[in-house]
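Residue strings, one per chain:
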Amino acid sequence: MQSASSGGTATTGAWYKALNGYHWWVLIVASFGWMFDTMNQRIFVLSRGPAMRDLLPAAMSGADITRYSGIATAVFMLGWAAGGLFFGIMGDRWGRAKTMMLTILVYSIFTGLSALSQNQWDFMAYRFLTGLGVGGEFAAGVTLVAEVMPEVARAHALGSLQALSAIGNIIGSAISFVVLPLGWRWMFLVGVLPALPVIIIFGKVKEPEGWQKIHDSIAAGGDKKQLGSLKDLWTHPRWRKNTIIGLLLAVAGVIGLWGIGFWSPELIREALKDQPLARQNWYVSMGTMLQDVGAFVGISAFTIVTAKVGRRPAFVMSFLLGMASVVMTFGLMHKASEVLWMVPMMGFCTLLVFGGYSIYFPELYPTRLRSSGVGFCYNVGRVIAAAGPYTLGSLTVFFGKEGFTEPFRAAAIALSSIYILGVIAMLFAPETAGQPLPED
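In this text the structure is predicted, and so the values were computed from the model without any measurement.

## Some remarks on the overall build of the protein
Argument step 1. Along its length, the protein carries 18 helices and zero strands.
Argument step 2. Relative to the 2.2 N^0.38 estimate, which gives 22 Å for 440 residues, the radius of gyration of the protein is 21 Å and therefore close to what a compact globule would have.
Argument step 3. Overall, the protein is about 65 × 45 × 40 Å in size when its C-alpha atoms are taken along their principal axes.
Argument step 4. With 440 residues in all, the protein has 59% of them scored as buried.

## Some details on the packing of helix 13 (residues 311-332) against helix 17 (residues 407-415)
Argument step 1. Between helix 13 and helix 17, whose axes approach to 9 Å, the crossing angle comes to 170°. Relative to helix 17, the element helix 13 is oriented roughly antiparallel. Where helix 13 abuts helix 17, its residues Val-326, Val-327, Thr-329, Phe-330 and Gly-331 lie against Phe-408, Arg-409, Ala-412 and Ile-413.
Argument step 2. Tallied by class, the residues present in the contact of helix 13 with helix 17 amount to six nonpolar, two polar and one charged.

## With respect to a nonpolar patch on the surface
Argument step 1. A cluster of nonpolar side chains, Leu-320, Ile-420, Ile-424, Leu-427 and Phe-428, forms an exposed patch at the surface whose accessible area comes to about 500 Å².
Argument step 2. Summarising the element assignment, Ile-424 is placed in helix 18 (residues 419-426).

## Considering the confidence of the model for the protein
For any part of a model where pLDDT is low, the fine detail of the predicted coordinates should not be relied upon.
Argument step 1. Looking at the protein as a whole, its pLDDT mean stands at 86, while 95% of the residues score no less than 70.
Argument step 2. Here residues 1-11 scores under 50 on pLDDT; set against residues more than four positions off or in separate chains, the count is 28 contacts.

## Digging into the environment of Ile-244
Argument step 1. If you trace the backbone, Ile-244 turns up in helix 10 (residues 237-258).
Argument step 2. Of the residues examined, Ile-244 reaches a relative accessible area of 40% and is grouped as partly exposed.

## Notes on the pattern of salt bridges
Argument step 1. Under the counting rule described, the total for this entry stands at 12 salt bridges.
Argument step 2. Lys-98 serves as the salt-bridge partner of Glu-207, at 3.4 Å between the closest nitrogen and oxygen. In this pair, Glu-207 sits in the loop between helix 7 (195-201) and helix 8 (209-219) while Lys-98 sits in helix 3 (residues 96-113), placing the two residues 109 residues apart along the sequence.
Argument step 3. Here Asp-232 makes a salt bridge to Arg-368, at a shortest N to O gap of 2.7 Å.

## Things to note about helix 13
Turn by turn, an α-helix covers 3.6 residues, leaving residues three or four places apart pointing in a common direction.
Argument step 1. Between the first and last C-alpha of helix 13 there are 32 Å, a value that for 22 residues agrees with the 32 Å anticipated at 1.5 Å per step.
Argument step 2. Of the positions making up helix 13, those classed as buried are Arg-311, Ala-314, Phe-315, Ser-318, Phe-319, Gly-322, Ser-325, Val-326, Thr-329 and Phe-330. Down the axis, helix 13 shows its buried residues gathered within 135° of arc, on one side only.

## Focus: the packing of aromatic side chains
Argument step 1. Summed over all chains, the structure comprises 30 aromatic pairs.
Argument step 2. Plain terms: the ring middles of Phe-76 and Trp-80 are 5.5 Å apart, the flat faces sit at 55° to each other, and that makes the pair tilted. Of this pair, Phe-76 and Trp-80 both sit in helix 2 (residues 62-93), separated by four residues, roughly a single helical turn. Each member of the pair, Phe-76 as well as Trp-80, is classed as buried.
Argument step 3. Site record: aromatic cluster; members linked through ring pairs are Trp-34, Phe-138, Phe-302, Phe-315, Phe-319, Phe-354, Tyr-357, Tyr-360, Phe-361, Tyr-378 and Tyr-419.
Argument step 4. Here the basic side chain of Arg-42 rests over the ring of Phe-262, its NZ or CZ set 4.7 Å away from the ring centre.

Scoring rules and cut-offs
Every residue gets a number counted from 1 within its own chain, in the order that chain's sequence is written. Since the coordinates come from a predicted model, pLDDT governs what is reported: local features require at least 70, and pairs of side-chain atoms require 80 or more to be given and counted, while whole-chain, interface and lining totals use all residues. By convention in this description, side-chain values take in all heavy atoms of the structure and omit both hydrogens and water. Under the DSSP-based scheme used, a helix requires at least four consecutive residues in state H or I and a strand at least two consecutive residues in state E, with every element numbered from the N terminus. Radius of gyration: over C-alpha atoms. The globule rule applied is 2.2 Å multiplied by the number of residues raised to the 0.38 power. Throughout, exposure labels follow a simple rule: accessible area from a 1.4 Å probe, protein chains only, divided by the maximum for the residue type, with under 20% read as buried, over 50% as exposed, and the rest as partly exposed. Note on method: axes are straight lines fitted to C-alpha atoms, helices fitted across the in-contact stretch only, with angles between N-to-C directions ranging 0 to 180 degrees. Roughly parallel here means an angle under 35 degrees, roughly antiparallel means over 145, roughly perpendicular means 65 to 115, and every remaining angle is called oblique. Any two residues whose heavy atoms approach within 4.5 Å at even a single point are treated as in contact. For this scheme, ten residues count as nonpolar: Ala, Val, Leu, Ile, Met, Phe, Trp, Tyr, Cys and Pro. Four count as charged, namely Asp, Glu, Lys and Arg, and the remainder, Gly too, count as polar. Like-charged residues within 9 Å of one another, or nonpolar side chains (Val, Leu, Ile, Met, Phe, Trp, Tyr) within 5 Å, are grouped into patches, provided each residue has over 30% relative accessible area and no salt bridge. Surface accessibility in these figures is a Shrake-Rupley result with a 1.4 Å probe; residues are shielded only by whichever protein chains are displayed. Think of a salt bridge as a Lys or Arg side-chain nitrogen and an Asp or Glu carboxyl oxygen that are within 4 Å of each other. Per residue, pLDDT measures the predictor's confidence, with a range of 0 to 100. What a helix is expected to span follows from its residue count: subtract one and scale by 1.5 Å. Of all possible arcs, the one meant is that of the directions from the helix axis to the C-beta atoms. Aromatic contacts are taken between Phe, Tyr and Trp rings whose centres are within 6.5 Å, Trp giving its six-membered ring; a plane angle under 30 degrees counts as stacked, one over 60 as edge-to-face, and the others as tilted. By the criterion adopted, a ring carries a charge over it if an Arg CZ or a Lys NZ lies within 6 Å of its centre and within 35 degrees of its normal.

Structure representation (structure tokens):
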């Protein structure tokens, strides 16, 4: 097997010409791990409404179902945050490759077990446990790719990994066309499938040479610094500033997506409430699939834009477009024909910023803290961001009591102001474009 070195000869022309066979293997494995991760996320988004209607008492109102769906999403995101923190640290201490494989097993198994839920509480428990693996996979996979790729190809490879995550969402939406009519439990059973390839590929991905060198040095007592030290994220001035900025960026984008953008199924059903249920379901599946196509294009666009203008301008543009798309879609979409262009437009704009996370977060930390830092920013930020879907549900109830005829839409538009937080954070963020990964 070829070396997992992140080094490489400078290559002119297309970035992918700098990759050798092993680089491609790592990129493919990490991309598939994240793709199946997002497939599981989409399965949950499409199934949570039908699941709550089935698991809650029949007397519950539509607003109550929305509120409990928000609570289930918040619990899922809290598990995501806990997994991001724990497995982020394990990625630095135990290894990126081994941690990534374990997280895939965790999210696959507990997604399947969600199909056995008997009430809203055990459903939420399974979602929390699924979130552990979902949160941990991103930090391990992104860090692995960042450290293995040649420097000239790093940002493009990470952008491609994140863009391919949208394919996982598309697969989840496509599955819903066939499986969702059979019942929401069958949707979750499909989520077991990603665990099967792990047995085959486990052990064929090696740890990055840079991490292995530092790990061996610390283990031998030649280096007094710690791997995966959360204390160092907060006591070292540079890493503390970067952690605060990364956390704020994640909170803004994740609330925008999970607190608003990923509620497109509920928005579509409300817009088509006078249509037969079968027609609503078709547009939900088609709309979310088109939303994911827009996401793929948006994430890819961020990679192209940031290569030309840098990280900071690309992030600011993404946050502003995300806010504008939410206001437009939730404010104006009322017809079936509008679903087919407004929802993918919102997918493009709300996922733009996620292309930046995979590129920017690894550039904020040294090797010994990289997985922990990425996991903390992207996933622990979800502890705060978990308030997003809960707030959306609570605001829906509030606006309903205040006499709003469309309280769900009003709640989403009000919550979209969270994107301003991301814009403010970028005013203090370092520009990392064109620079090597940092070291202590």
